[in-house]
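Notes for the structure review
Here is how the chains run, residue by residue.
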Amino acid sequence: MKPRAPVDTVLLDAGGVLIMPAAEAVLRSLRDAGARADLALIDRAHYAATAVNDRFPPRNRLSYLKAFAQACGVHPDRAERVISELSTAYDGPKWTRQLSGAAKSLRTLSLVPVSLGVVSNSIGVVAEQLRGAGICQVGPGAGTPVSLVIDSALVGVAKPDPRIFHLALREMGAEPERTVYVGDTARIDVDGALAAGIRPLHLDPHRDCPDPPGRHEHLRGLGDLAAWVRAHGH
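Since the structure is predicted, the reported quantities are computational estimates derived from the model, not experimental observations.

**Observations regarding the packing of helix α1 (residues 23-32) against helix α4 (residues 76-89)**
Where α1 meets α4, the closest approach of the two axes is 9 Å, and the angle between their N-to-C directions is 175°. By the angle between their axes, α1 is roughly antiparallel relative to α4. In this structure, α1 uses A25, V26, S29, L30 and D32 to contact α4, whose residues at the interface are R78, R81, V82, E85, L86 and A89. Tallied by class, the residues present in the contact of α1 with α4 amount to six nonpolar, one polar and four charged.

Dropping the structure here:
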C-alpha cells in the first residue's frame, strides 16, 4: 500500500463538531414531555440520531428528530408534539452553543504546524456563530484564528458535493492528499471528503457509525485531534 502523505491542513465541520443548538428550548421541550434531559443526554442523542440518518440515507430532518426524541426517552404518544418543538429549536440560527471543549481543543490544535479552516453546511451565519461562541474566527478575536470559514449558503454548494471542499483547498493553497476533514456524519462529511480526495476523520464519540470497520478513520473526541495530527503530520 502506498504510504499516505503527511497532513498539513485540517478542515472541520461546524455543527456536531464545534457547535450545537442552544440548549434551553431543547431541554424545556423534553422535560415538558416527561423525558429526562441534560446537556450530556442531548449531545449523546445528536450522534445517535445522526447515525440513523447515515444508516438510512438520504439525510432527512424528520427522521433525525424522531431518532433524537427516541434517544432522549420521549414516549411515542408525546413524540409528535416534541418533534415539532425540536424542529424549531434546531433551526439554523439556534446553533450557538459551544460543544464542550471545542474552543480548548482548537487552541491546542493551533500549536501544531497545520493550516486550519471550517467547511459547513449552514444558512449563511456559521462564521458569526463560531465567533460568537468564542471558538474560532478569520482574523483576530477571542477564538482560534482560522484561514477560512466556508458556509454552503454563501457559496452555493453543499456537502457532500466535493466542490465545496475544492473551494477551501483552492483558497488555502492546500493539497487534498495532505488534508484531513473532521465531520460527524458518514454520508455528508465522510462521503463528501472522499469524493474530494480528502482524508476523512469521522467524529464518532459513541461508535455509532454504521459503516463497515476500516472504511474510514474515526475520532472519539475533538480533544484527541491534536495528537492525531501530530502523529500523521510532518
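After that view of the structure, there is still more to cover.
**Quick word on the environment of V74**
Relative to the helices and strands, V74 resides in the loop between α3 (61-71) and α4. On the basis of relative accessibility, which here comes to 9%, the residue V74 falls in the buried class. Linking V74 and R31, residues 43 residues apart in sequence, is a C-alpha distance of 9.2 Å. Dropping the residues within four chain positions of it, V74 is found in contact with L30, A33, A35, A69, A79 and V82.

**Comments concerning the layout of surface pockets**
Counted as a void, the largest pocket has a volume near 600 Å³. Surrounding the largest pocket, 28 residues form its lining, G15, R59, R61, W95 and N121 being those nearest its centre. Looking at the lining of the largest pocket, the elements with two or more residues in it are α2 (39-55), α3, α6 (126-132) and α9 (186-195). Within the lining of the largest pocket, the residues separate by chemical class into nine nonpolar, twelve polar and seven charged. In this structure, the second largest pocket spans a volume of roughly 220 Å³. D43, Y47, L99, S100 and P205 are the residues nearest the centre of the second largest pocket, which is lined by 16 residues in total. Taken together, the elements giving at least two residues each to the lining of the second largest pocket come down to α2 and α5 (102-109). Sorting elements by how many residues they give to the lining of the second largest pocket places α2 first, with four residues.

**Concerning the pattern of salt bridges**
Side-chain pairs of opposite charge can arise where the charged atoms are in close proximity. Under the defined criterion, the tally for this structure stands at 14 salt bridges. For R36, the salt bridge identified is with D38, shortest N-O distance 3.2 Å. A relative accessible area of 29% places D38 in the partly exposed class. Residue D211 is joined to R187 by a salt bridge in which the shortest nitrogen-to-oxygen separation is 2.8 Å. In this pair, D211 sits in the loop between β9 (199-203) and β10 (217-219) while R187 sits in helix α9, placing the two residues 24 residues apart along the sequence. Taking relative accessible area as the criterion, D211 reaches 14% and is therefore assigned buried. Put simply, R187, D191, D211 and R215 are held in one network by salt bridges that share partners.

**Considering the nonpolar core**
Counting residues in hydrophobic clusters, the biggest one holds 58 residues, and the most contacted among them are V10, L18, L30, F68, V182 and L225. Excluding its chain neighbours within four sequence positions, the residues that come into contact with V10 are L109, V114, S115, L116, G117, V180, V182, L225 and V229. Judged by nonpolar contacts, the second largest core, of 15 residues, contains F165, A168, M172 and A174.

**Considerations on α5**
Here α5 has its buried residues at A102, A103, S105, L106 and L109. Taken around the axis of α5, the buried residues stretch over an arc of 160°, which confines them to a single face. Those residues of α5 that are buried are in contact with β1 (9-12), β3 (97-98), β4 (115-120), β5 (136-137), β6 (144-145) and α10 (225-232).

The rules behind the values
Residues numbered from 1 in each chain as written. Predicted model: local features only at pLDDT ≥ 70, side-chain atom pairs only at ≥ 80, totals over all residues. Heavy atoms only, no water. Axes fitted to C-alpha atoms, helices over the stretch in contact; angles between N-to-C directions. Helix = DSSP H or I, 4+ residues; strand = E, 2+ residues; numbered from the N terminus. Parallel < 35°, antiparallel > 145°, perpendicular 65-115°, else oblique. Contact = heavy atoms within 4.5 Å. Nonpolar A, V, L, I, M, F, W, Y, C, P; charged D, E, K, R; others polar. Buried < 20%, exposed > 50% of the residue type's maximum accessible area, 1.4 Å probe, protein only. 1 Å grid on protein atoms, 1.4 Å probe; cavity = no way out; pocket = protein on both sides within 12 Å on 5 of 7 lines; lining within 4 Å. Points joined across faces, edges and corners; volume = space filled by probe spheres on them. Salt bridge = Lys/Arg side-chain N within 4 Å of Asp/Glu carboxyl O. Core = buried A, V, L, I, M, F, W, Y, C linked by side-chain atoms within 4.5 Å. Arc of directions from axis to C-beta.

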